[in-house]
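Chain residues, written in single-letter form:
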Amino acid sequence: MDNVAKSTRSRMMAAIRSKDTMPEVELRRCLFRLGYRYRLHQRSLPGKPDMVFPKYRAVVFVNGCFWHHHECRDVRMPATRRTWWRKKLEGNRKRDIGALRTLHKNGWRTLVVWECSIRRKPNPDAAIRKVANQISRFLRSK
């Protein structure tokens, strides 16, 4: 059973952003400080990657655990309309996999960063720096 009214839940869900989320913005700032330059949400590429590094022919997706159906401890299936949510989230996952395959076929290297890896407690700033360093190693690797 939902704790809030249907109209309130609808307003709350509509307010969730698909780009420029806080984890994504913090990660971008850290990468920029490390000297990396990128393009944002390039619509010409499958899946509209969050960050595109043309120099390295690489893309980075910063995925929210709930919306992209990550199997981590932070994700719980909603209690209401479970069948609808399962279908919705599985569709998101299949679309993500298809976009990654297409990018690979076109010669792009891909990296998926999960929201839970950035929001690690007790020190999220250290977690962001750690993920940024991992991205840096990924970009410099062949």
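The structure we're discussing is the one just above.
Throughout, a residue's number is its position along its own chain's written sequence, starting from 1. A pLDDT threshold of at least 70 governs which residues receive local features in this predicted model, and a stricter bar of 80 or more applies before side-chain atom pairs are shown or counted, although totals over entire chains, interfaces and linings include all residues. Note that water and hydrogens are dropped before the side-chain values are worked out from all heavy atoms of the structure.

J.: How would you explain a positive patch on the surface if you had to name every residue and give the values?
T.: For patch detection, residues must exceed 30% relative accessible area and be free of salt bridges, and they are connected within 9 Å for like charges or within 5 Å for nonpolar side chains (Val, Leu, Ile, Met, Phe, Trp, Tyr). Note that accessible areas follow from Shrake-Rupley with a 1.4 Å probe, and for residues the cover is restricted to the protein chains shown. Any Lys or Arg side-chain nitrogen found within 4 Å of a carboxyl oxygen on Asp or Glu counts as a salt bridge. His is not counted, nor are the chain ends; Lys and Arg add positive charge and Asp and Glu add negative charge. Note that the charge is assigned to NZ on lysines, CZ on arginines, CG on aspartates and CD on glutamates. Positive charge collects at one region of the surface, where Arg73, Arg120, Lys121, Lys130, Arg137 and Arg140 lie side by side. Counting through the fold element by element, arginine 140 comes out in helix 5 (residues 124-140). Only DSSP runs of H or I with at least four residues qualify as helices, and only runs of E with at least two residues qualify as strands; both kinds are numbered from the N terminus onward.

J.: Outline the sheet that holds strand 2 (residues 51-53), supporting the account with residue identities and numerical values.
T.: When DSSP finds two or more bridges between two strands, those strands count as paired. In space, the four strands of this open sheet follow the order 1-2-3-4, with mixed pairing throughout. Each of the sheet's edge strands pairs with one partner strand only, and the pair in question is strand 1 (39-40) and strand 4 (109-114). Note: strand 1 against strand 2, two bridges, orientation antiparallel. Bridging from a neighbouring strand, arginine 39 pairs with valine 52 of strand 2. Along the sheet, helix 2 (residues 22-33) contacts strand 1, strand 2, strand 3 (58-63) and strand 4; its crossing angle with strand 2, the most-contacted strand, is approximately 25 degrees. Two residues form a contact once any of their heavy atoms are found within 4.5 Å. The axes used here are C-alpha line fits, helices contributing only the stretch in contact, and every angle between their N-to-C directions lies in the interval 0 to 180 degrees.

J.: Go over the nonpolar core with me, naming the residues and quoting the values.
T.: As used in this record, nonpolar core signifies buried Ala, Val, Leu, Ile, Met, Phe, Trp, Tyr and Cys residues forming a set joined through side-chain atoms within 4.5 Å. Partly exposed residues are those whose accessible area sits between 20% and 50% of the maximum for their type, while under 20% is buried and over 50% is exposed, using a 1.4 Å probe and protein chains only. The biggest cluster of nonpolar side chains holds 18 residues, and the ones touching the most others in it are Leu27, Leu31, Met51, Phe53 and Ile135. Broken down by secondary-structure element, the contributors of at least two residues to this core are helix 2, strand 2, strand 3 and helix 5. Per-element accounting of this core gives the leading share, six residues, to helix 5. Discounting chain neighbours no more than four positions away, the residues touching methionine 51 are Leu27, Arg28, Leu31, Tyr38, Arg39, Leu40, Ala58, Val59, Val60 and Val62. Core analysis: the second largest hydrophobic core is formed by six residues, Leu45, Val52, Phe61 and Trp108 among them.

J.: Can you explain helix 5? Please cite residues and give values.
T.: Here helix 5 spans 24 Å end to end across 17 residues, near enough to the 24 Å set by a 1.5 Å rise per residue. Among the residues of helix 5, those classed as buried are Ala127, Ile128, Val131, Ala132, Ile135, Ser136, Phe138 and Leu139. On the buried face of helix 5, the contacting elements are helix 2, strand 2, strand 3, strand 4 and helix 4 (115-118). Expected span of a helix, by definition, is 1.5 Å for each gap between consecutive residues, and there is one gap fewer than residues.

J.: Explain the packing of aromatic side chains to me, using residue names and the numbers behind them.
T.: Here is the rule: rings of Phe, Tyr and Trp (six-membered ring for Trp) pair when centre to centre is within 6.5 Å. Planes less than 30 degrees apart are stacked, more than 60 are edge-to-face, and the remainder are tilted. One pass over the full model with this rule turns up seven aromatic pairs. Taken together, the ring pairs connect Tyr36, Tyr38, Phe53 and Tyr56 into an aromatic cluster. The ring of tryptophan 84 is capped by arginine 81, whose NZ or CZ atom sits 4.5 Å from the centre of that ring. Counted as over-ring charges are cases with an Arg CZ or a Lys NZ within 6 Å of the ring centre that also lie within 35 degrees of the ring normal. In this structure, arginine 109 packs its charged tip against the face of phenylalanine 138, placed 4.6 Å from the ring centre.

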